[in-house]
Amino acid sequence: MTHQAQLTIKTSGRGTVDITRQLNDVVRESGIEKGVATLFIHHTSASIIICENADPMVRQDLENWMLRSVPDGDPIFRHVAEGPDDMPAHVRSTLTATSLTVPIINHRLGLGTWQGLYLYEHRTAPHHRKVSVTILG
Amino acid sequence: MTHQAQLTIKTSGRGTVDITRQLNDVVRESGIEKGVATLFIHHTSASIIICENADPMVRQDLENWMLRSVPDGDPIFRHVAEGPDDMPAHVRSTLTATSLTVPIINHRLGLGTWQGLYLYEHRTAPHHRKVSVTILG
Amino acid sequence: MTHQAQLTIKTSGRGTVDITRQLNDVVRESGIEKGVATLFIHHTSASIIICENADPMVRQDLENWMLRSVPDGDPIFRHVAEGPDDMPAHVRSTLTATSLTVPIINHRLGLGTWQGLYLYEHRTAPHHRKVSVTILG
């Protein structure tokens, strides 16, 4: 059986948005007990990550690592027409994930205790981001 | 329903090859309207990425970031028998993606407007690369 | 058809554990000839990678690159309650993969000749890690 849904997630600029609950809602709607949920973000400057969900500092530290490793306004970047944070956003997307597949176990996302699902906005300005969920089982 | 196909992609050395059209051809052949296409590259020195498809400079800037962050001939690497670009190719593969899952929506890959699917060759010499596509829906 | 299994993998601290054989055992048990195996690790400080399986030096060099690029005890990290290797483990997990999808071809994982599947432990202490395998086909 195949169930498909699309979500629109509002971001408030660079940083993470917890989408775990919304994704579990889609899993419940599908009625599928055992299978997988595949997530896909339709953008190249935002991504989907699984990250520790207890201490928000973890995601801030991840952001600090990104800021240092893929600096905004880096002079090696020549694709700069859309601003100093645009090309870094494309690199960050490539280093993280555009698609993720999570098992469905007993009608729920089979996440570990400390795992949350986050949309990671890499642009500094707020955006509306489209995420597709395809459930197979 | 499950449909499987294998593609052989010729690369001209380090850089990206657009494989979006070939993958959409496989989706069309499958006859599947709604589901997912899972892509897998059978190599550890080339990868599959989703990247901005409008300005080729984006992929050149990504390559420049890789060149600086995972330098060829880096003295920390000891696996050097196959040349100074071999171990960097393995690291780049790990940082990007060996597998990707893309939703199929209305008989087509559900890519965003600015998303293209690329094979990313990390070796400096040309290669033939094998990619498997498994379509489920 | 959907087949699901859970594995517990014992690690001896930071480094890789070859899980290719165990995963092929699950594929064989499933009886599925053609489809995909989706792997998912239920942790945010260990990951699953596909890497060159011939020369163990490749995985040591990858580890050396990680040690330099995501240093333990890095002063930019403030999430330090669980030790100097904890936050680097979360960053490494984000840079590598929490989920992977591998095609099943003729009742086996369709890996390339030089591809092995590894659990990559990022913490310095030994752990028991849970991996789910969902097979669809």
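Some thoughts on the interface of chain B and chain A
Consideration 1: Taken residue by residue, the interface counts 32 residues in chain B and 29 residues in chain A.
Consideration 2: With both sides pooled, the region where chain B packs onto chain A buries about 2500 Å², and carbon together with sulfur makes up 61% of that total.
Consideration 3: Looking at the side of chain B facing chain A, the largest losses of area belong to Asp-61, Trp-65 and Thr-101 of chain B, adding up to 23% of the total buried there.
Consideration 4: Between chain B and chain A we count 2 salt bridges in total.
Consideration 5: Asp-74 of chain A is the salt-bridge partner of Arg-68 of chain B, the closest N and O atoms lying 2.5 Å from each other.
Consideration 6: The interface formed by chain B and chain A includes 13 residue pairs in polar contact (both at pLDDT 80 or more).
Consideration 7: It is helix α2 (residues 57–69) of chain B that contributes the most residues to the side of chain B that touches chain A, 9 residues altogether.
Consideration 8: Here the residues of the side of chain B that touches chain A are counted per class, giving 18 nonpolar, 9 polar and 5 charged.

A few points about the relation of the copies chain C and chain A
Consideration 1: Overlaying chain C with chain A gives an RMSD of 0.0 Å, the required rotation being 120° about an axis along which the chain moves by 0.0 Å. Such a combination of rotation and displacement between the chain copies is what one expects of a three-fold axis. Distance from the rotation axis, computed per C-alpha, reaches its smallest value in chain C at Leu-95 of chain C: 3.2 Å.
Consideration 2: Of all interface residues in chain C, a mere 10% are interface residues in chain A too; the two copies therefore contact each other through different surfaces.

As for the environment of Arg-123 of chain B
Residues and elements named next belong to chain B.
Consideration 1: Tracing the backbone through its elements, the reader meets Arg-123 in the loop between β7 (115–121) and β8 (128–136).
Consideration 2: As for Arg-123 and Ser-45, which are separated by 78 residues in sequence, their C-alpha atoms are 6.6 Å apart.
Consideration 3: Setting aside anything within four residues of it in sequence, one finds Arg-123 in contact with Gly-13, Arg-14, Ser-45, Glu-82, Asp-85, Asp-86, Ala-89 and Arg-129.
Consideration 4: Side chain to side chain, Arg-123 and Asp-85 meet in a polar contact 2.9 Å long.
Consideration 5: A distance of 3.0 Å separates polar atoms of two side chains, one belonging to Arg-123 and the other to Asp-86.

Details of the pattern of salt bridges
Residue and element names in this part refer to chain A.
Consideration 1: Within the structure shown, the criterion is met by 27 salt bridges over all chains.
Consideration 2: A salt bridge links Arg-92 to Glu-63, with the shortest nitrogen-to-oxygen separation between them at 3.0 Å. In this pair, Arg-92 sits in helix α3 (residues 86–95) while Glu-63 sits in helix α2 (residues 57–69), placing the two residues 29 residues apart along the sequence. Pair check on accessibility: Arg-92 and Glu-63 agree, each one buried.
Consideration 3: Salt-bridge contacts for Arg-123 lead to Asp-85; the nearest nitrogen and oxygen are separated by 2.9 Å. Here the residue Arg-123 occupies a position in the loop between β7 (115–121) and β8 (128–136), and Asp-85 occupies one in the loop between α2 and α3, the gap between them amounting to 38 residues. Comparing Arg-123 with Asp-85 shows no difference in burial state: the two are buried.

What about unusual backbone geometry?
All names here are of chain A.
Consideration 1: The phi dihedral of His-107 falls on the positive side, at around 70°, and the residue is not glycine.
Consideration 2: Position of His-107 among the secondary structure elements: in the loop between β5 (99–105) and β6 (108–109).
Consideration 3: On the basis of relative accessibility, which here comes to 40%, the residue His-107 falls in the partly exposed class.

Considering the interface of chain C and chain A
Consideration 1: Listed by partner, the interface residues are 29 residues for chain C and 32 residues for chain A.
Consideration 2: Each partner contributes to the roughly 2500 Å² buried at the junction of chain C and chain A, and carbon and sulfur atoms together form 61% of this total.
Consideration 3: The tally of links between chain C and chain A comes to 13 residue pairs in polar contact (both at pLDDT 80 or more).
Consideration 4: Listed by contribution, the elements that provide at least two residues to the side of chain C that touches chain A are β1 (2–10), β3 (35–41), α3 (86–95), β5 (99–105) and β8 (128–136) of chain C.
Consideration 5: Broken down by element, the side of chain C that touches chain A gets its largest block of residues, 5 residues, from α3 of chain C.
Consideration 6: Here the residues of the side of chain C that touches chain A sort into 10 nonpolar, 16 polar and 3 charged.

Here we look at the sheet that holds strand β6 (residues 108–109) of chain C
Residue and element names in this part refer to chain C.
Consideration 1: In space, the 5 strands of this open sheet follow the order β1-β8-β3-β5-β6, with antiparallel pairing throughout. Pairing within the sheet leaves two strands with one partner each, and these edge strands are β1 and β6.
Consideration 2: As defined by bridge partners, β1 adjoins β8 across 9 bridges and the pair is classed as antiparallel. By the bridge assignment, Gln-4 is partnered in β8 with Thr-134.
Consideration 3: The strands that helix α1 (residues 20–30) touches are β1, β3, β5, β6 and β8; relative to β1, the one it contacts most, it runs at about 155°.

Procedures and definitions
Residues numbered from 1 in each chain as written. Chains lettered and ligands numbered in written order. Predicted model: local features only at pLDDT ≥ 70, side-chain atom pairs only at ≥ 80, totals over all residues. Heavy atoms only, no water. Contact = heavy atoms within 4.5 Å. Buried area = accessible area lost by both parts, 1.4 Å probe. Salt bridge = Lys/Arg side-chain N within 4 Å of Asp/Glu carboxyl O. Polar contact = N/O pair within 3.5 Å; in protein donor to acceptor, adjacent residues only side chain to side chain. Helix = DSSP H or I, 4+ residues; strand = E, 2+ residues; numbered from the N terminus. Nonpolar A, V, L, I, M, F, W, Y, C, P; charged D, E, K, R; others polar. Least-squares fit on C-alpha atoms with pLDDT ≥ 70 in both. Buried < 20%, exposed > 50% of the residue type's maximum accessible area, 1.4 Å probe, protein only. Pairing = 2+ DSSP bridges. Axes fitted to C-alpha atoms, helices over the stretch in contact; angles between N-to-C directions.

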